[in-house]
Structure formats: C-alpha cells, structure tokens
Amino acid sequence: MNQVQVILTIDLDNLPDNFSEILINEKEIIAKWKEEEILENLFLRPTKNGAILIFKNITEEEVKLKIKELPLYPLRKSIEFYSLIKQF
C-alpha cells in the first residue's frame with residue numbers, strides 16, 4: 001500500500017490570538033479525512049509544535065492540495081512530504 005507521510009511544524013513564536021479557534025477547525029478537517037479513509041494516522045509531537053500525518057489511498061500531489069486546507073497551514077514553519085510503500 002502506498003502512503004504519504006507529512007511532517008508539519010508550526011511557528012510557535014507567531015501564533016495568532018484566535019489559535020484555540022483554529023485548533024477546533026483543524027480537528028474538524030482531520031475528522032473528515034478520517035471518515036473519508038484517506039488519513040490513517042495522526043501523531044502529535046510532544047513539543048506541541050506540529051504533527052505527523054500518514055495518508056493512504058491518495059497520491060502525494062493530492063496530499064499536498066489537502067494539506068493546504070488545514071487552518072494551521074498558514075502558520076507552518078516547515079512542511080515535509082515523503083512517499084512511502086508500506087511493507088507490513
């Protein structure tokens with residue numbers, strides 16, 4: 001199975017005042033992706049400065065478009081995409 005891993009790091013030094021509202025909207029989009037069965041895993045980082053998302057059943061190009069839907073996307077410090085082939 002082909003998968004795409006996304007490592008999203010946000011800029012904690014420049015968070016907007018409405019950050020808690022942004023997180024609520026973020027969770028709604030993540031839940032939608034889970035329902036659509038395109039998001040397999042979401043890992044929050046212990047430092048709370050980002051997340052690792054594992055997508056399935058869509059291409060890296062589709063993932064790149066989806067990620068731009070996230071309310072946290074404009075707050076990104078960095079973002080990395082890795083196409084993977086799951087072995088087990």
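Look up: the structure comes first, before these words.
Residues numbered from 1 in each chain as written. Predicted model: local features only at pLDDT ≥ 70, side-chain atom pairs only at ≥ 80, totals over all residues. Heavy atoms only, no water.

> Account for the packing of aromatic side chains, naming residues and giving values.
Scanning the entire structure with this criterion turns up one aromatic pair. Its end group placed over the ring of Phe 81, Lys 64 keeps NZ or CZ at 5.3 Å from the ring centre. (Phe/Tyr/Trp six-rings, centres within 6.5 Å; stacked < 30°, edge-to-face > 60°. Lys NZ or Arg CZ within 6 Å of the ring centre and 35° of its normal.)

> Would you mind going over the pairing of strand 2 (residues 39-44) in detail, with residue names and values included?
Of the strand pairs in this sheet, strand 2 and strand 3 (residues 50-56) are connected by five bridges, and their pairing is antiparallel. Paired with Phe 43 across the bridge in strand 3 is Ile 52. Count of turn residues in the strand 2/strand 3 antiparallel hairpin: five residues, of which Lys 48 carries a positive phi of about 60 degrees. (Pairing = 2+ DSSP bridges. Helix = DSSP H or I, 4+ residues; strand = E, 2+ residues; numbered from the N terminus.)

> Account for the sheet that holds strand 4 (residues 76-85), with residues named and values stated.
Reading across the sheet, the four strands line up as 2-3-1-4 and stay open at both edges, with antiparallel pairing between neighbours. This sheet does not close on itself; its edge strands, each paired only once, are strand 2 and strand 4. The mean angle between the axes of side-by-side strands here comes to 15 degrees, regardless of whether they run parallel or antiparallel. Contacting strand 1 (2-10), strand 2 and strand 3, helix 1 (residues 19-35) crosses the sheet at an angle of about 150 degrees to strand 2. (Axes fitted to C-alpha atoms, helices over the stretch in contact; angles between N-to-C directions. Contact = heavy atoms within 4.5 Å.)

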